[in-house]
Amino acid sequence: MIKFSKPFWVANFVELLERLAFYAVFIVITLYLSNVWGFSDIQAGLISGVFSALLYLLPLFTGAYADRIGFRSAIILAFALLTLGYGGLGLLPTMLESAGLVSYDMTTTFTGLKESPMQWSIVPVMILIVIGGAFIKSVISGTVARETTSETRARGYAIFYMMVNIGAFLGKTVVDPLRRSMGDQGLVYLNYFSASMTFIALIAVFLLYKSTHTEGKGKSFLEIGRSMAKVFMNFRLLILILIISGFWMIQSQMYATMPKYVIRLIGEGASPGWYANVNPLVVFTLVNFVTSFMKKRSAISSMMIGMIIIPLSALVMSFGNQLGSAYIAGMHPVAFMMIVGIAMQAVAECFISPRFLEYFSLQAPRGEEGLYLGFSHLHSFFSYLFAFGLSGFLLEKYCPDPRLFTNTEGVLDTLAYSAATQNAHYIWYVFVGIGAISAVALYIYSKVVKKLDSKTESATL
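Figured I'd write up the structure that's included with this text.

About the thresholds
Residues numbered from 1 in each chain as written. Predicted model: local features only at pLDDT ≥ 70, side-chain atom pairs only at ≥ 80, totals over all residues. Heavy atoms only, no water. Helix = DSSP H or I, 4+ residues; strand = E, 2+ residues; numbered from the N terminus. Rg over C-alpha atoms; globule rule 2.2 N^0.38 Å. Buried < 20%, exposed > 50% of the residue type's maximum accessible area, 1.4 Å probe, protein only. Contact = heavy atoms within 4.5 Å. Areas by Shrake-Rupley, 256 points an atom, 1.4 Å probe, with all protein chains shown as cover. Lys, Arg positive; Asp, Glu negative; His and termini not counted. Charge placed at Lys NZ, Arg CZ, Asp CG, Glu CD. Salt bridge = Lys/Arg side-chain N within 4 Å of Asp/Glu carboxyl O. Axes fitted to C-alpha atoms, helices over the stretch in contact; angles between N-to-C directions. Parallel < 35°, antiparallel > 145°, perpendicular 65-115°, else oblique. Left-handed = near helix turned anticlockwise from the far one by under 90°. Nonpolar A, V, L, I, M, F, W, Y, C, P; charged D, E, K, R; others polar. Phe/Tyr/Trp six-rings, centres within 6.5 Å; stacked < 30°, edge-to-face > 60°. Lys NZ or Arg CZ within 6 Å of the ring centre and 35° of its normal.

1. Structural notes on the overall build of the protein
Item 1. If you tally the helices and strands in the protein, you get 20 helices and two strands.
Item 2. Expected size for 461 residues packed as a compact globule is a radius of gyration near 23 Å; at 23 Å, the protein falls within 12% of this value.
Item 3. Based on the C-alpha atoms only, the size of the protein along its principal axes is roughly 75 × 50 × 45 Å.
Item 4. Per-residue burial over the protein gives 53% buried out of 461 residues.
Item 5. Contacts spanning at least 24 positions in sequence make up 84% of the contacts within the protein whose residues lie at least 6 apart.
Item 6. A total accessible area of about 20300 Å² is found for the protein, and carbon and sulfur atoms account for 67% of it.
Item 7. When the 32 positive and 24 negative side-chain charges of the protein are each reduced to one mean point, those points stand 11 Å apart.

Put into structure tokens, the structure is as follows:
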């Protein structure tokens with residue numbers, strides 16, 4: 001029976017709360033930006049893309065700062081910023097409503113917000129969430145490392161990832177009931193729920209978290225910058241990061257495109273939160289089996305299987321808009337094919353994610369594996385930065401906001417909207433192409449790397 005320290009359990013508990021808060025907001029982030037703040041699909045995609053990308057870049061720097069100020073201070077700062085950020089996402093719309101710029105109900109009525117510079121007041125609030133989230137990503141995983149030994153670390157991280165998945169699952173389940181019962185106003189109140197979760201985490205850390213493991217001064221920002229430059233000068237690694245970004249560009253559409261897509265084609269009865277929950281459920285169920293099944297195959301072989309599955313998943317998602325209106329297994333065809341596609345993406349993730357880190361570490365110079373692995377998630381920075389922006393352009397072209405097709409009395413012109421969305425499935429064809437190019441690129445990459453390694457071995461002999 002493995003015993004873990006009190007700081008270990010506190011860190012895992014607050015990680016669950018933080019993931020719960022984050023995914024409750026993130027699953028409908030583009031919907032919130034458009035329906036509550038009046039941003040176009042393109043604007044909402046670009047804002048969400050920068051927000052998400054920075055969450056994967058800044059931990060490189062916030063982690064170094066956390067080492068200097070201490071993990072307890074860093075976690076308290078993180079949850080204070082997150083509470084202010086999520087609270088601000090709920091409070092600011094209320095203030096805008098009081099100013100007469102907007103009115104929230106089941107459907108939002110804009111009375112000047114879209115033309116006002118106050119529309120961009122959301123940016124500083126989102127920056128608070130980015131900084132707070134960046135601290136959490138580095139500090140919580142660092143706490144697990146510090147509070148475990150070489151013998152207990154594997155079990156410790158298993159518990160950590162279980163908490164992450166439970167939090168992600170629970171966070172998404174909150175969204176659909178609130179949105180269906182309160183409409184756009186529910187998207188505003190959702191942020192108060194997330195703020196309350198991070199505030200509870202803040203209290204828990206303040207009262208219960210005290211670690212004796214505070215050694216380590218960390219790297220300076222200059223050292224981190226030099227390390228990043230070193231990784232970027234390793235063209236083999238940089239190319240691999242860019243190729244794997246193709247997978248994550250498709251995977252991220254679960255947040256960038258899917259919520260708006262299913263609601264606009266199915267109606268307000270759609271449940272994007274539940275559809276997205278298929279991903280952590282499948283990963284949680286299959287990842288150990290897939291990893292064991294592929295343990296005798298090379299990492300590149302496992303990744304190739306995942307890269308073949310991922311464009312097929314996008315193709316399956318496109319079928320929903322082409323199967324008519326007859327329900328499948330009690331579900332709208334768009335919903336059914338979306339669930340199948342998300343499940344396929346989860347299977348692909350099982351083949352790719354664990355082995356990517358292994359392969360990435362093998363490409364790093366001997367003795368510098370730890371340094372290079374610190375930059376292994378740069379693929380998420382690149383993919384989120386471009387995936388959300390691309391999603392906004394595609395939604396605006398092939399699956400536009402139905403509010404653009406309502407008359408002065410708010411009645412939807414169903415014929416005009418049906419014509420505007422008849423090719424909505426074209427969105428997924430774009431990602432089929434991205435996935436196919438990435439799969440071919442990974443195959444070519446593996447052959448070139450193998451040939452270069454053979455030449456190197458021959459030269460050394």
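2. As for the environment of valine 282
Item 1. Locating valine 282 in the fold gives a position in helix H14 (residues 278-293).
Item 2. Spatially, the C-alpha atoms of valine 282 and glutamate 151 are 28 Å apart, while their sequence positions differ by 131 residues.
Item 3. Ignoring any residue separated from it by four or fewer positions in sequence, one finds valine 282 in contact with Val287, Ala343, Ala346, Val347 and Cys350.

3. Some words on the pattern of salt bridges
Two side chains that carry opposite charge are able to pair once their charged atoms sit near each other.
Item 1. Taken as a whole, this structure holds six salt bridges when the rule is applied.
Item 2. The partner of arginine 179 in a salt bridge is glutamate 268, with the nearest N and O atoms 2.9 Å apart. With arginine 179 in helix H7 (residues 153-182) and glutamate 268 in the loop between helix H12 (258-266) and helix H13 (272-276), the pair connects residues that are 89 residues apart, well separated along the chain.
Item 3. Classification of glutamate 268 as exposed rests on a relative accessible area of 51%.
Item 4. Among the ionic pairs, aspartate 401 bridges to arginine 403, the shortest N-O distance being 2.8 Å.
Item 5. For arginine 403, a relative accessible area of 26% puts it in the partly exposed group.

4. Overview of unusual backbone geometry
Item 1. For alanine 329, which is not glycine, the phi torsion reads 55° and is therefore positive.
Item 2. Secondary-structure assignment places alanine 329 in the loop between helix H15 (299-319) and helix H16 (333-363).

5. Observations regarding helix H4 (residues 59-69)
Item 1. Within the sequence span of H4, burial applies to Pro59, Leu60, Thr62, Gly63, Ala64 and Ala66.
Item 2. One or two positions beyond H4, positive phi appears at glycine 70, with a value near 95°.

6. Description of the packing of helix H5 (residues 71-98) against helix H8 (residues 184-208)
Item 1. Look at H5 against H8: their axes get within 8 Å of each other, and the N-to-C directions meet at 160°. When the axis of H5 is compared with that of H8, the two are roughly antiparallel. Between H5 and H8 lies a crossing of left-handed hand.
Item 2. Looking at side-chain class alone, the contact of H5 with H8 contains 17 nonpolar, seven polar and one charged residues.

7. Describing the side chain of serine 391
Item 1. Within the secondary structure, serine 391 sits in helix H18 (residues 378-398).
Item 2. The buried category is assigned to serine 391, whose relative accessible area is 1%.

8. Here we look at the packing of aromatic side chains
Item 1. The final tally for this structure, using the stated rule, is 22 aromatic pairs.
Item 2. For the pair tyrosine 23 and tyrosine 255, a centre-to-centre distance of 6.0 Å together with 40° between the ring planes defines the contact as tilted. Here tyrosine 23 is found in helix H1 (residues 6-26), whereas its partner tyrosine 255 is found in helix H11 (residues 253-256), with 232 residues between them in sequence. One exposure class covers both tyrosine 23 and tyrosine 255, and it is buried.
Item 3. Both rings, one in tyrosine 56 and one in tyrosine 384, keep their centres 5.5 Å apart while their planes meet at 10°; by these two values the pair is stacked. Separated by 328 residues along the polypeptide, tyrosine 56 in helix H3 (residues 41-57) and tyrosine 384 in helix H18 bring together distant segments of the chain.
Item 4. You can call tyrosine 56 partly exposed: its relative accessible area is 25%.
Item 5. Ring pairing ties together the aromatic residues Phe22, Tyr23, Phe26, Tyr56, Tyr255, Tyr384 and Phe388, which thus form one cluster.
Item 6. One cation-aromatic arrangement involves arginine 72 over phenylalanine 206; the distance from NZ or CZ to the ring centre is 5.6 Å.

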